[in-house]
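Listed here are the chains, written in short residue letters.
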Amino acid sequence: MFDTTARNARPLQQSAEFAATLALCGQQAAQLDDGTLVLTRRIGGLPIALLSSARLAPRALPGLLARAGLRRHLILMNPDTPCPGLDRLGAVPLITPAHVAELDLTGDLMAGLHQKWRNRLRHARSQDLRVTQGPLPLDPAHWLLTAEAAQQRACGYRNWPMALTLAYARANPGAAQLFTARQGGTPVAGLLILRHGTAASYHIGHSTPAGRAASAQTLLMWQVMTWLAAQGATRLDLGPVETEQTPGLTRFKLGTGARTRPLGGTWAWWPPMGKTLRPLAWLDRRRMQQSWTDAPAPDY
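Residues numbered from 1 in each chain as written. Predicted model: local features only at pLDDT ≥ 70, side-chain atom pairs only at ≥ 80, totals over all residues. Heavy atoms only, no water.

The name given to the protein chain in an unreviewed UniProt entry is GNAT family N-acetyltransferase, and the organism recorded there is Ruegeria pomeroyi.

Shown next as structure tokens:
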């Protein structure tokens, strides 16, 4: 059972640390009365408000937006949890929910490991690996950042811009922790986590061929898990899981003992239209609900 104190920690993009990062970048986030962070901008003259990874109470949302002066904005929402009540407001679903992996750090971490994951950890410990840990250097040319940029280009996915990652480290000293595995002084694997409140998020991971042969990423993840638990962290967010596109990474994440859960999908709502578009949301309701229940299950 997932510990309730672990679940209650705010998601990264709703954390005080993320707000401080945005402020350092010159973008002050608005805040609803319930503490939800909101990014506002204009596109083609249209005011837009983005509620990312927010924990929403649909019935309270109209009042919260009105008091924040956002009633005329196009509201884009990526709820942190399933929010079926949004369709009753007239919000229209745009993207079906993804699933994420979360690891409860309050229990017996070793007991939660999958047997094959435990075997890889044993293998890594038998290799000539030296692990170091410390705050992420504020260097755009750092090997892990350049390797991540190259990996994004090669694999066609997107993570945070490098400048935002560096801004997070600068705005929150010590919250961006880098774990590095070396063989003979040469880095063969790196893992960057971002602390936020009593939780942490897996942000960047990279291994060289030598690092993969030595199961270095497994050793780094174990070091991350045990260090966070010792620091009093309650939850490690491991990010999206996708059995078809990235089955190996999904097995790696779930092998830690992490549980999958659905997010809330992506919704759009323009409050001046009220419930006018509610019939469109109804058409997609079954598809959204199916996504909330179909959790990825990799084959070990």
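Asker: Please set out helix H2 (residues 16-24) residue by residue, giving values where relevant.
Answerer: Along H2, the positions that sit buried rather than exposed are Glu 17, Phe 18, Thr 21 and Leu 22. Angularly, the buried residues of H2 cover 140 degrees about the axis, an arc narrow enough to put them on a single face. In the core, the buried residues of H2 are packed alongside strand E2 (37-43), helix H8 (162-171) and strand E9 (186-196). Of the residues one or two after H2, Gly 26 is the one with positive phi, at around 85 degrees. (Buried < 20%, exposed > 50% of the residue type's maximum accessible area, 1.4 Å probe, protein only. Helix = DSSP H or I, 4+ residues; strand = E, 2+ residues; numbered from the N terminus. Arc of directions from axis to C-beta. Contact = heavy atoms within 4.5 Å.)

Asker: Give me H8: which residues, what numbers.
Answerer: Within the sequence span of H8, burial applies to Leu 164, Thr 165, Leu 166, Ala 167, Tyr 168 and Ala 169. Contact partners of the buried residues in H8: H2, helix H7 (143-155), strand E8 (176-183), E9 and strand E10 (199-207).

Asker: Any chance you could break down the packing of helix H6 (residues 115-125) against helix H10 (residues 216-230) for me, citing the residues and the numbers?
Answerer: Following both chains from N to C, one finds H6 and H10 inclined at 100 degrees, their axes separated by 8 Å at the closest point. On the basis of the axis angle, H6 is roughly perpendicular to H10. In this structure, H6 uses Trp 117, Arg 120, Leu 121, Ala 124 and Arg 125 to contact H10, whose residues at the interface are Thr 218, Leu 219, Met 221, Trp 222 and Met 225. Its residues assigned to classes, the contact of H6 with H10 shows seven nonpolar, one polar and two charged. (Axes fitted to C-alpha atoms, helices over the stretch in contact; angles between N-to-C directions. Parallel < 35°, antiparallel > 145°, perpendicular 65-115°, else oblique. Nonpolar A, V, L, I, M, F, W, Y, C, P; charged D, E, K, R; others polar.)

Asker: Describe in detail the pattern of salt bridges, supporting the description with residues and values.
Answerer: Per the counting criterion, the structure on display carries five salt bridges. Residue Arg 55 is joined to Asp 80 by a salt bridge in which the shortest nitrogen-to-oxygen separation is 3.1 Å. With Arg 55 in the loop between strand E3 (46-52) and helix H3 (61-67) and Asp 80 in the loop between strand E4 (74-78) and helix H4 (86-89), this residue pair connects regions lying 25 residues apart in the sequence. Overlapping salt bridges bring together Arg 55, Asp 80, Glu 102 and Arg 261 as one network. (Salt bridge = Lys/Arg side-chain N within 4 Å of Asp/Glu carboxyl O.)

Asker: Break down the sheet that holds strand E13 (residues 266-269) for me, with residues and values.
Answerer: Ordered in space as E1-E2-E3-E4-E13-E5, the six strands form an open sheet in which the pairing is mixed. A strand with exactly one partner marks an edge of an open sheet, and here the two such strands are strand E1 (30-31) and strand E5 (92-95). In this structure, E4 lies alongside E13, joined through three bridges in antiparallel fashion. From the neighbouring strand, Ile 75 faces E13, where its bridge partner is Trp 269. (Pairing = 2+ DSSP bridges.)

Asker: Describe the side chain of Thr 256, listing the residues and the values that go with them.
Answerer: Positionally, Thr 256 belongs in the loop between helix H11 (247-254) and strand E12 (259-262). Classification of Thr 256 by relative accessible area gives buried; the value is 1%. A polar side-chain atom of Thr 256 sits 2.6 Å from the main-chain carbonyl oxygen of Lys 253. Only 3.3 Å separates the side chain of Thr 256 from the backbone nitrogen of Ala 258, close enough to count as a polar contact. Setting aside residues up to four positions removed in sequence, Thr 256 forms contacts with Leu 103, Gly 112, Leu 113, Trp 117, Met 221, Met 225 and Leu 238. (Polar contact = N/O pair within 3.5 Å; in protein donor to acceptor, adjacent residues only side chain to side chain.)

Asker: Report on the packing of H2 against H8, specifying residues and quantitative values.
Answerer: Look at H2 against H8: their axes get within 8 Å of each other, and the N-to-C directions meet at 110 degrees. The pairing of H2 with H8 is recorded here as roughly perpendicular in orientation. Read as a crossing pair, H2 and H8 show a hand that is right-handed. Contacts between H2 and H8 involve Glu 17, Phe 18, Ala 20, Thr 21 and Leu 24 on the former and, on the latter, Leu 164, Ala 167, Tyr 168, Arg 170 and Ala 171. Per-class residue counts for the contact of H2 with H8 are seven nonpolar, one polar and two charged. (Left-handed = near helix turned anticlockwise from the far one by under 90°.)

Asker: Please set out the packing of aromatic side chains residue by residue, giving values where relevant.
Answerer: Taken as a whole, this structure holds four aromatic pairs when the rule is applied. Arranged with centres 5.7 Å apart and planes meeting at 45 degrees, the rings of Phe 18 and Trp 160 form a pair that is tilted. With Phe 18 in helix H2 and Trp 160 in the loop between H7 and H8, this pair connects stretches of sequence that are 142 residues apart. Residue classification places Trp 160 among the buried positions, given a relative accessible area of 15%. Members of the aromatic cluster, joined through ring pairs, are Phe 18, Trp 160 and Tyr 168. (Phe/Tyr/Trp six-rings, centres within 6.5 Å; stacked < 30°, edge-to-face > 60°.)

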